[in-house]
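Per-entry structural report
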Amino acid sequence: MNNRLPALREGRGESQADLAAAVGVTRQTINALERDRYDPSLELAFALADHYDCAIEDIFSPEA
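Residues numbered from 1 in each chain as written. Predicted model: local features only at pLDDT ≥ 70, side-chain atom pairs only at ≥ 80, totals over all residues. Heavy atoms only, no water.

Here we take up the overall build of the protein. Within the protein one finds five helices and two strands. Starting at the N terminus and ending at the C terminus, the protein contains elements arranged as β-α-α-α-α-α-β. In terms of principal-axis extent, the alpha carbons of the protein reach across some 30 × 25 × 20 Å. The buried share of the protein, reckoned over its 64 residues, is 34%. Surface accessibility of the protein: about 4100 Å² in total, with carbon and sulfur atoms responsible for 47%. Counting 6 positive and 12 negative side-chain charges, the protein places the averaged centre of each group 8 Å from the other. (Helix = DSSP H or I, 4+ residues; strand = E, 2+ residues; numbered from the N terminus. Buried < 20%, exposed > 50% of the residue type's maximum accessible area, 1.4 Å probe, protein only. Areas by Shrake-Rupley, 256 points an atom, 1.4 Å probe, with all protein chains shown as cover. Lys, Arg positive; Asp, Glu negative; His and termini not counted. Charge placed at Lys NZ, Arg CZ, Asp CG, Glu CD.)

Within the fold, E14 resides in the loop between helix 1 (5-11) and helix 2 (16-23). A distance of 2.7 Å separates the side chain of E14 from the side chain of H51, its partner in a polar contact. A polar side-chain atom of E14 sits 2.6 Å from a polar atom in the side chain of Y52. Each residue touching E14, except ones within four places of it in the same chain, is listed here: R9, L19, H51 and Y52. (Polar contact = N/O pair within 3.5 Å; in protein donor to acceptor, adjacent residues only side chain to side chain. Contact = heavy atoms within 4.5 Å.)

So, in structure tokens, the structure goes:
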């Protein structure tokens, strides 16, 4: 799965820890998501989309 999470996070000047606290997960979870080592649960994907005020598809997309 491809994701734009690092770009969105860095665009807001957020650290991984800041984002993790905002969506209720650990910094390690955010790190794993950004390194494509973990696919988010539906609940986490919705929380991230809500945090960035966008659709889930604007953050995550299937690999081509």
